[in-house]
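Given next are the chains, with one letter for each unit.
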Amino acid sequence: MKNQKTVDTYLCTFTHPGIIAERANLITINLFCVLVLSLAMAAYPLIAKSNPTIPAARLTAFKRAKSLDNGLSFSWLEQTWNKDVLAENLFNDTDLRLLRTLGFKSIRLPVAFEYYENEHIADEQIFSHIDNIVKQCGLYGFKLIIDYHNGNFNENNFRDETKTIINLWLKLVKRYKNVSADDLFFEIYNEPPHMDPQIWKDAAYNIVTAIRKLDVNRTLIVGASNYNSIYELSRFVRLADENIIYTFHFYEPFLFTHQGAEWAGDQESTVGVPFPYNAEKFPIINPKAKNTDGEKNYKEYPIDGNEQSVKDKLQIVKNWGDKYDVPLLCGEYGVYNKYADQDSRCRYISTVRRTLRALNIPGMLWDYNGNFSIFNGEPSVGNLPDCMKEAIGYTNPK
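Residues numbered from 1 in each chain as written. Predicted model: local features only at pLDDT ≥ 70, side-chain atom pairs only at ≥ 80, totals over all residues. Heavy atoms only, no water.

**Some details on the pairing of strand E7 (residues 328-333)**
(1) Moving on: Counting buried positions along E7 gives six out of six residues, so the element sits mostly inside the fold.
(2) Moving on: As judged from the five bridges shared by strand E6 (residues 244-250) and E7, these two strands associate in the parallel manner. Along E7, the bridge assignment pairs His249 with Glu332.
(3) Moving on: One ladder, built from two bridges, connects E7 with strand E8 (residues 363-365); its direction is parallel. Each residue of the ladder has a partner; that of Cys330, found in E8, is Gly363. (Buried < 20%, exposed > 50% of the residue type's maximum accessible area, 1.4 Å probe, protein only. Helix = DSSP H or I, 4+ residues; strand = E, 2+ residues; numbered from the N terminus. Pairing = 2+ DSSP bridges.)

**Topic: the packing of helix H7 (residues 158-175) against helix H8 (residues 197-212)**
(1) Moving on: Their axes nearest at 9 Å, the elements H7 and H8 cross at an angle of 30°. Taken together, H7 and H8 sit at an angle that is classed as roughly parallel. For H7 against H8, the interelement crossing comes out right-handed. Of the residues in H8, those in contact with Phe158, Thr162, Ile165, Ile166, Trp169, Leu170 and Val173 of H7 are Ile199, Ala203, Asn206, Ile207, Ala210 and Ile211. (Axes fitted to C-alpha atoms, helices over the stretch in contact; angles between N-to-C directions. Parallel < 35°, antiparallel > 145°, perpendicular 65-115°, else oblique. Left-handed = near helix turned anticlockwise from the far one by under 90°. Contact = heavy atoms within 4.5 Å.)

**As for the state of the cysteines**
(1) Moving on: Tallying each qualifying case throughout the model produces one disulfide.
(2) Moving on: Across the disulfide from Cys346 sits Cys387; the S-S distance is 2.1 Å. Across the disulfide from Cys346 to Cys387, rotation about the S-S bond amounts to roughly 50°, and the bridge is consequently right-handed. Separated by 41 residues along the polypeptide, Cys346 in helix H14 (residues 342-358) and Cys387 in helix H15 (residues 386-392) bring together distant segments of the chain. (Disulfide = S-S within 2.5 Å.)

**Points about the packing of aromatic side chains**
(1) Moving on: Applying the stated criterion across every chain, the model contains 27 aromatic pairs.
(2) Moving on: Pairing Tyr336 with Phe372 gives two aromatic rings, centres 5.8 Å apart and planes at 40°, and the pair type is tilted. In this pair, Tyr336 is assigned in the loop between E7 and H14 and Phe372 in the loop between E8 and H15, connecting sequence segments 36 residues apart. With respect to burial, Tyr336 and Phe372 carry one shared label: buried.
(3) Moving on: Through successive ring pairs, a cluster of aromatic residues spans Phe113, Phe127, Tyr148, Phe153, Tyr189 and Trp200.
(4) Moving on: Note that Arg218 overlies the ring of Phe186, its terminal NZ or CZ placed 5.2 Å from the centroid. (Phe/Tyr/Trp six-rings, centres within 6.5 Å; stacked < 30°, edge-to-face > 60°. Lys NZ or Arg CZ within 6 Å of the ring centre and 35° of its normal.)

**Quick notes on empty space enclosed by the protein**
(1) Moving on: What the rule picks out here adds up to two cavities of 30 Å³ or more.
(2) Moving on: As a volume, the largest cavity reaches approximately 80 Å³.
(3) Moving on: Every residue lining the largest cavity is listed: Asp69, Asn70, Gly71, Phe104, Tyr333, Arg353, Leu356, Arg357, Ile361, Gly363, Leu365 and Ile392.
(4) Moving on: If one sorts the elements of the lining of the largest cavity by residue count, H14 sits on top with three residues.
(5) Moving on: The class makeup of the residues in the lining of the largest cavity is six nonpolar, three polar and three charged. (1 Å grid on protein atoms, 1.4 Å probe; cavity = no way out; pocket = protein on both sides within 12 Å on 5 of 7 lines; lining within 4 Å. Points joined across faces, edges and corners; volume = space filled by probe spheres on them. Nonpolar A, V, L, I, M, F, W, Y, C, P; charged D, E, K, R; others polar.)

**Comments concerning the sheet that holds strand E1 (residues 71-73)**
(1) Moving on: Judged by pairing direction, the barrel is parallel, and its eight strands sit side by side in the order E1-E2-E3-E4-E5-E6-E7-E8 before closing back on the first. For this sheet, the mean angle separating the axes of adjacent strands, direction not counted, is 30°.
(2) Moving on: As paired elements, strand E2 (residues 106-111) and strand E3 (residues 143-148) share six bridges and run parallel to each other. Each bridged residue has a counterpart across the sheet, and for Arg108 the counterpart in E3 is Ile145.
(3) Moving on: Along the sheet face, helix H6 (residues 123-140) touches E2 and E3 and points at about 175° away from the line of E2.

**Concerning the layout of surface pockets**
(1) Moving on: By volume, the largest pocket is sized at about 1,400 Å³.
(2) Moving on: Along the walls of the largest pocket sit 43 residues, with Glu191, Tyr227, Tyr251, Phe254 and His258 positioned nearest its centre.
(3) Moving on: Looking at the lining of the largest pocket, the elements with two or more residues in it are helix H9 (225-228), helix H10 (230-233), E6, helix H11 (254-257) and helix H12 (293-304).
(4) Moving on: Ranked by residue count, the leading element in the lining of the largest pocket is H12, at five residues.
(5) Moving on: The residue makeup of the lining of the largest pocket, split by class, is 16 nonpolar, 15 polar and 12 charged.

**Here we look at the pattern of salt bridges**
(1) Moving on: Across all of its chains, the model carries 22 salt bridges by this definition.
(2) Moving on: Here Glu242 makes a salt bridge to Arg238, at a shortest N to O gap of 3.0 Å.
(3) Moving on: Exposure remark for Glu242: the relative accessible area of 21% places this residue in the partly exposed category.
(4) Moving on: Note on Arg238: relative accessible area 17%, which makes it buried.
(5) Moving on: Linking Asp322 and Lys318 is a salt bridge whose minimum nitrogen-to-oxygen distance equals 3.5 Å. You can see Asp322 and its partner Lys318 sitting in helix H13 (residues 307-324), four residues apart, about one turn around the helix.
(6) Moving on: Residue Asp322 is classed as partly exposed on the basis of its relative accessible area of 47%.
(7) Moving on: Salt bridges sharing common partners tie together Arg108, Asp147, Glu187 and Glu332. (Salt bridge = Lys/Arg side-chain N within 4 Å of Asp/Glu carboxyl O.)

Rendered as structure tokens:
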């Protein structure tokens, strides 16, 4: 900095009348300065820059995060609209053999725990299904994430909801304490809604702390508010716990991935949106979408609907992960398949998958056999389009 004085400035630039002209004494003073500087440097040594030692627990989290790559969600126990969901066994050996054939390595199991509790359904009825999936994943060599899905957490009820979430996790922690922490992961809460981000961070800290009292080795998965937004995560300050994987969901550009999604309302009523943007094939905006966020997204799509935009957005979260040196997971990405054309879906999934690989971020598709399915019909190799085989990196065995 300009005009900044250093140690040697203060020690060696004084004047001593009577000895300036005396060469011998001047040499003595210079030697004295050197001695004083040496002593000062010994007392306050310069510390060379070096890479800090990464805690063992965080290294474990990095290793486990990598094992989750090439995964997908199985949306069964989160289907609150399906009144027969618990009477059906929608996930069996056939499904696991298919997923293994296609090269998938991990499964994310979203469960609507709070819904079942409010419906007065006994824990054992839910947990018995989870037990079976844990066992099956072990037999077929899949990593498994149990995800707390469809909760009611918000800015107004966060105190009571945090207690509800903790109570559920304590039951699960005790039940699966003996399952290897290399194979089973806990995602503490799916898509916390838009709110004061500090409220969610405090809640996440309390949930993690409660789990740690019973299980110190389990790797936990935590996302940011605003529905696991990449933008909220980029503003998040990592938790003190070292054994955490930070998750985000990626559905950008939303105009394409959620076109026609009924639950998204009028903003996503415009359908026939191609990926990447093609001026000749780009549809006229649905009048219902005007004066909504969908109109803004529609206008931005010519610059937003392309591979470079996907790369730029995923780079945001990669930069955050590098800043804190923590492992990341793209816990969901995919395309609502009712209106998006097949080739566009394949190109999008290929783009996201390749970009995640390039950034060394493991990714999980949403989902296996729901309305974001990669299959045309019931899951099978025969119902997997050739372009989707290429998109997910599947090659037919010779």
